[in-house]
Amino acid sequence: MASNSEEGESSADYETMMSTSDVELLKRAWRNEKAAPEILQYEGALVQRAKEQIELVEETIDDYVENGIDPLVVSLYQMDLDRTQFLLRSYLRVRLLKIEKFMFHNLKSEEAERQLSEQEKVFATRCADDLAKHFEESVLLKLPENYQSVLKQSLISEVDDMVPQPHLDTFVVCKSKNFVSLNLYEEGESPETVEMERGDLYFIRYKIVKGAIESGQIDLI
Amino acid sequence: MAGQTDPHISLFSPQEIEFMAEDELVEIVPNMNMEQLNFISGDFGRFIPQIPTKVPLWLAVALKRRGKCTFRPPGWMSVDNLTQILEAERESQSTFQALPFSYVEIARLLIDHARDDIPDMFMVRSLVEDIRDVRLHKLETNLGSFQGTSAVKISNVSAMEVNIVRPFVRRALEAFYKHDKPEADVDRDTRSSRQQREANNEPRRPLRQR
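Source: prediction; values computed, not measured.

## What about the overall build of chain A?
Stage number 1. Secondary structure summary: chain A contains eight helices and five strands in total.
Stage number 2. When the helices and strands of chain A are placed in sequence order, the string is α-α-α-α-α-α-α-β-β-β-β-α-β.
Stage number 3. Within chain A, residue pairs in contact and separated by at least 24 positions form 64% of the contacts whose partners lie at least 6 positions apart.

Right under this line is the structure:
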């Protein structure tokens with residue numbers, strides 16, 4: 001076990017060094033996005049860089065093929081390219097899936113909208129419009145006037161109570177990259193904290209780690 | 001709100017778990033000359049016959065399949081070490097031994113693709129299987145004694161193990177938390193104003209109760 005923890009240490013060091021690579025960052029974004037209950041901030045710059053690198057490697061591979069470079073080398077580059085493309089596609093798809101699920105919620109506030117990319121906003125708006133139109137044509141317009149809102153149960157509802165919300169009190173699995181101390185409860189509730197050492201694994205309530213995920217101290221697994 | 005308990009959105013498929021494990025570095029000994037590979041995921045090589053070098057598992061497997069290298073199995077995959085780990089796993093009911101986060105996937109890939117490079121391959125395979133079974137059983141038993149309602153530490157549990165228990169544990173902890181919460185509210189009510197409770201209840205109002 002002693003030798004193992006030493007190995008773990010050096011590989012963790014390597015990990016932090018590697019985490020500067022865009023593929024590592026993309027993998028992190030993908031994992032977090034898959035594991036988080038709500039949609040996270042769109043990694044626009046990262047996606048842009050990944051796209052550029054993918055294009056560059058695609059061109060390189062074409063050149064290699066033309067110049068008769070060893071097919072083995074070409075196929076290895078192709079595999080690396082495939083893996084990066086998979087990460088990128090999967091990342092964007094997970095986001096689309098979440099947008100479909102929470103479209104009204106995502107469009108409700110400026111703050112929620114800021115999490116989305118421009119294309120995602122267009123997608124969300126169109127989705128929401130289509131769904132609203134469908135609901136209205138099939139059901140809502142046939143109901144009494146007080147019950148025709150897509151967002152509310154009836155006119156007396158004070159809040160939009162027919163909008164599916166991400167379930168933030170759910171639990172996620174996370175791994176800390178460094179020592180972090182987190183408040184277990186929302187402000188004013190209780191001063192209890194949890195202290196995580198580097199590499200610790202926790203089942204934890206999403207709200208507690210939300211901030212630490214955004215600042216990059218903690219990864220979801 | 002069936003969508004909220006839908007496990008598919010946050011769960012990783014076994015293939016995705018393997019995909020992540022394939023980025024782990026392993027040591028190989030190439031038997032051919034090849035220039036450095038400048039991948040998007042990093043630079044690897046160059047490759048010189050008989051000179052060991054570290055590459056990601058997927059690259060190692062690709063080279064191995066073409067007969068271009070041999071593996072150097074990681075230290076933890078020795079029969080001695082695995083026997084020790086298995087014993088220790090059996091001895092302690094509550095703790096898990098330190099193994100690589102993706103030990104199941106790494107062992108599986110190595111056994112599938114590089115069995116001739118692993119000394120005592122059959123022994124290693126059965127030890128890894130035993131360790132996996134003992135740990136899974138222990139993990140399931142331990143689920144009964146989870147402590148805490150907001151954060152539960154799970155030390156040395158591997159990627160595959162987390163993925164297996166996640167749907168159950170998540171729902172269990174959600175339920176614990178939900179049932180724990182009203183009590184806390186009652187406690188606070190004796191001290192704080194009613195308005196605060198209302199404000200607190202607001203975001204948790206369910207859409208529709210069945």
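## A short note on the sheet that holds strand β4 (residues 201-205) of chain A
Stage number 1. Taken together, the four strands give an open sheet; going across it, the order is β5(A)-β1(A)-β4(A)-β6(B), and neighbouring strands pair in antiparallel fashion. Across the chains shown, the open sheet's two edge strands, defined by having one partner strand only, are β5 (218-220) of chain A together with β6 (151-153) of chain B. Along the sheet, successive strands turn relative to each other by an average axial angle of 35 degrees, direction set aside.
Stage number 2. As defined by bridge partners, β4 of chain A adjoins β6 of chain B across three bridges and the pair is classed as antiparallel. Looking at β6 of chain B, one finds that I204 of chain A is bridged to A151 of chain B.
Stage number 3. Packing against the sheet, helix α8 (residues 206-214) of chain A makes contact with β1 (171-176), β4 and β5 of chain A together with β6 of chain B, and its axis sits at approximately 115 degrees to β4 of chain A.

## Focus: the sheet that holds strand β5 (residues 69-72) of chain B
Residue and element names in this part refer to chain B.
Stage number 1. What the three strands build is an open sheet, ordered β4-β1-β5; its pairing is antiparallel. The open sheet is flanked by β4 (53-56) and β5, the only strands paired with a single partner. Taken pair by pair, the neighbouring strands of this sheet meet at an average axis angle of 50 degrees, ignoring direction.

## Re the confidence of the model for chain B
Residue and element names in this part refer to chain B.
Stage number 1. Scored by pLDDT, chain B has a mean of 82; 80% of the residues are at 70 or more.
Stage number 2. Scored below 50 in pLDDT, residues 1-7 shows seven contacts in the model against residues more than four places distant or in partner chains.
Stage number 3. Between residues 185-207, whose pLDDT stays under 50, and residues either more than four places distant or in other chains, the model counts seven contacts.

## Description of the interface of chain B and chain A
Stage number 1. In this complex, chain B contributes 36 residues to the contact, which on the side of chain A involves 40 residues.
Stage number 2. Of all the secondary structure elements, the ones that give two or more residues to the side of chain B that touches chain A are β2 (37-39), α2 (57-65), β6 and α6 (159-189) of chain B.
Stage number 3. Across the side of chain B that touches chain A, the residue classes break down as 21 nonpolar, nine polar and six charged.

## Things to note about the pairing of β5 of chain B
Residue and element names in this part refer to chain B.
Stage number 1. Of the two faces of β5, only one is covered, namely that formed by C69 and F71; the face formed by T70 and R72 stays uncovered.
Stage number 2. Direction of pairing for strand β1 (residues 25-30) relative to β5: antiparallel, over a ladder of four bridges. Within the sheet, the bridge partner assigned to P30 lies in β5 and is C69.

## Looking at the UniProt feature "domain: GINS subunit" (unreviewed entry) in chain A
Stage number 1. According to UniProt, the "domain: GINS subunit" (unreviewed entry) feature falls on residues 72-137 of chain A.
Stage number 2. Secondary structure across residues 72-137 of chain A comprises 92% helix and 0% strand; the distance between its end C-alpha atoms is 58 Å.

## Looking at the environment of E161 of chain B
Residues and elements named next belong to chain B.
Stage number 1. Within the secondary structure, E161 is located in helix α6.
Stage number 2. A residue is classified by how many C-beta atoms lie within 10 Å of it, and E161, with 20 of them, is buried.
Stage number 3. Sequence separation between E161 and F101 is 60 residues; the distance between their C-alpha atoms is 9.5 Å.
Stage number 4. The residues touching E161, leaving out its near neighbours within four places in the chain, are R135, L136 and L139.

## Notes on the domain arrangement of chain B
Residues and elements named next belong to chain B.
Stage number 1. Looking at the assigned domains, one finds that chain B contains domain 1 (16-72) and domain 2 (74-210).
Stage number 2. Listed per partner, the contact involves twelve residues of domain 1 and 13 residues of domain 2.
Stage number 3. Contributions of two or more residues to the side of domain 1 that touches domain 2 are made by α1 (14-21), α2 and β5.
Stage number 4. Looking at the side of domain 1 that touches domain 2, its residues break down into seven nonpolar, one polar and four charged.

## Some details on the nonpolar core
Stage number 1. By size, the foremost hydrophobic cluster in this structure holds 73 residues, and its most contacted members are V172, C174, I204 and V209 of chain A together with A60 of chain B.
Stage number 2. Residues lining this core come from more than one domain, with at least three contributed by each of domain 1 (16-72) and domain 2 (74-210) of chain B.
Stage number 3. Ignoring any residue separated from it by four or fewer positions in sequence, one finds C174 of chain A in contact with Y202, I204, V209, I218, D219, L220 and I221 of chain A.

## Thoughts on the packing of helix α2 (residues 22-35) of chain A against helix α4 (residues 71-101) of chain A
Residue and element names in this part refer to chain A.
Stage number 1. At a minimum axis separation of 9 Å, α2 and α4 run at an interaxial angle of 30 degrees. It follows that α2 is roughly parallel to α4 by the angle criterion. For α2 against α4, the interelement crossing comes out left-handed. In contact with V23, L26, K27, A29, W30, E33 and K34 of α2, α4 contributes T84, L87, L88, S90, Y91, V94 and R95.
Stage number 2. Tallied by class, the residues present in the contact of α2 with α4 amount to eight nonpolar, two polar and four charged.

Conventions adopted
Residues numbered from 1 in each chain as written. Chains lettered and ligands numbered in written order. Predicted model: local features only at pLDDT ≥ 70, side-chain atom pairs only at ≥ 80, totals over all residues. Helix = DSSP H or I, 4+ residues; strand = E, 2+ residues; numbered from the N terminus. Contact = placed C-beta atoms within 7 Å. Pairing = 2+ DSSP bridges. Axes fitted to C-alpha atoms, helices over the stretch in contact; angles between N-to-C directions. pLDDT = per-residue confidence, 0-100. Nonpolar A, V, L, I, M, F, W, Y, C, P; charged D, E, K, R; others polar. Buried ≥ 20, exposed ≤ 12 C-beta atoms within 10 Å, placed from the backbone. UniProt positions renumbered as here; feature names shortened; annotations may be inferred. Domains from an automatic or database assignment. Core = buried A, V, L, I, M, F, W, Y, C linked by C-beta atoms within 7 Å. Parallel < 35°, antiparallel > 145°, perpendicular 65-115°, else oblique. Left-handed = near helix turned anticlockwise from the far one by under 90°.

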